[in-house]
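Listed below, chain by chain, are the residues.
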Amino acid sequence: KKGYFESAESCFDFLEQFLSWSFEQNSENEFVAGASIDALATNAAVEVSANGVPVVFKIFDKEWSLEDPFRKSWFILRNLLALSRHQAVLDPVPENFVEAWYEKLCSRFGVKARLREDLEWEASFQELVTINPVSYHDPIELIGVFAPRYALQAYPRHSVFGARDQEILQLRKRLEL
């Protein structure tokens, strides 16, 4: 686990540095160049300076591109979704880290957070470009991918899940899904 990051904070710092670099290279105002849709931190090799600070990111595995620019908030979400698939490198995993980091990064870069819209864009994009399970193609189901603790589970039913169900309902109301 520590092969990637010493802590969740260092992971966040790395992601913030990557996004800053990406926005400097590939964005204008609130938009990122469409060619960068797949230029994610998990698709980047890093060259570091002598003091360990990333200086250059080299993107690989760029499978997709868009003709038009897209919102920075969606790019932030895409990076967090990709990172959330590798939660095992975070020790410990901060509670609600994807949602919390999304809000924090949008604020840091002066971008309006549009979680609901970005989830809808991501679900539509995944439906077009992947053969992923349907959970990636529906914004409500994508909540479970985005934040696994909100994933809908039919069984087993137990009183412990009552609190989780209430959290899901509150999140859905907040996202207006």
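Above this text sits the structure in question.
Note that the structure is a prediction, hence the values are computed from the model and not measured. (Residues numbered from 1 in each chain as written. Predicted model: local features only at pLDDT ≥ 70, side-chain atom pairs only at ≥ 80, totals over all residues. Heavy atoms only, no water.)

Caption draft 1: Region of the structure containing the packing of helix α1 (residues 8-26) against helix α2 (residues 72-84). Packing of α1 against α2 leaves a shortest axis separation of 12 Å and a crossing angle of 140°. Relative to α2, the element α1 is oriented oblique. When you trace α1 past α2, the crossing you get is right-handed. Of the residues in α2, those in contact with Cys11, Leu15, Phe18, Leu19, Ser22 and Phe23 of α1 are Lys72, Phe75, Ile76, Asn79, Leu80 and Leu83. (Axes fitted to C-alpha atoms, helices over the stretch in contact; angles between N-to-C directions. Helix = DSSP H or I, 4+ residues; strand = E, 2+ residues; numbered from the N terminus. Parallel < 35°, antiparallel > 145°, perpendicular 65-115°, else oblique. Left-handed = near helix turned anticlockwise from the far one by under 90°. Contact = heavy atoms within 4.5 Å.)

Caption draft 2: Spatial organisation of the pattern of salt bridges. Applying the stated rule across the entire model yields seven salt bridges. Put simply, Arg116 and Glu120 hold a salt bridge, and the shortest N to O gap is 3.5 Å. Highlighted residues: Arg116 and Glu120, both in helix α4 (residues 115-129), separated by four residues, approximately one helical turn. A relative accessible area of 28% means that Glu120 is categorised as partly exposed. Three or more residues are tied together by salt bridges with common partners; here these are Asp38, Arg78 and Glu122. (Salt bridge = Lys/Arg side-chain N within 4 Å of Asp/Glu carboxyl O. Buried < 20%, exposed > 50% of the residue type's maximum accessible area, 1.4 Å probe, protein only.)

Caption draft 3: Layout of the sheet that holds strand β1 (residues 27-28). Taken in spatial order, the three strands make up an open sheet running β1-β2-β5, and their pairing is antiparallel. The two strands at the open ends of the sheet, each matched to only one other strand, are β1 and β5 (70-71). Taken together, the two bridges between strand β2 (residues 31-32) and β5 define a ladder with antiparallel strand orientation. Across the sheet, the residue bridging to Phe31 is Arg71, located in β5. (Pairing = 2+ DSSP bridges.)

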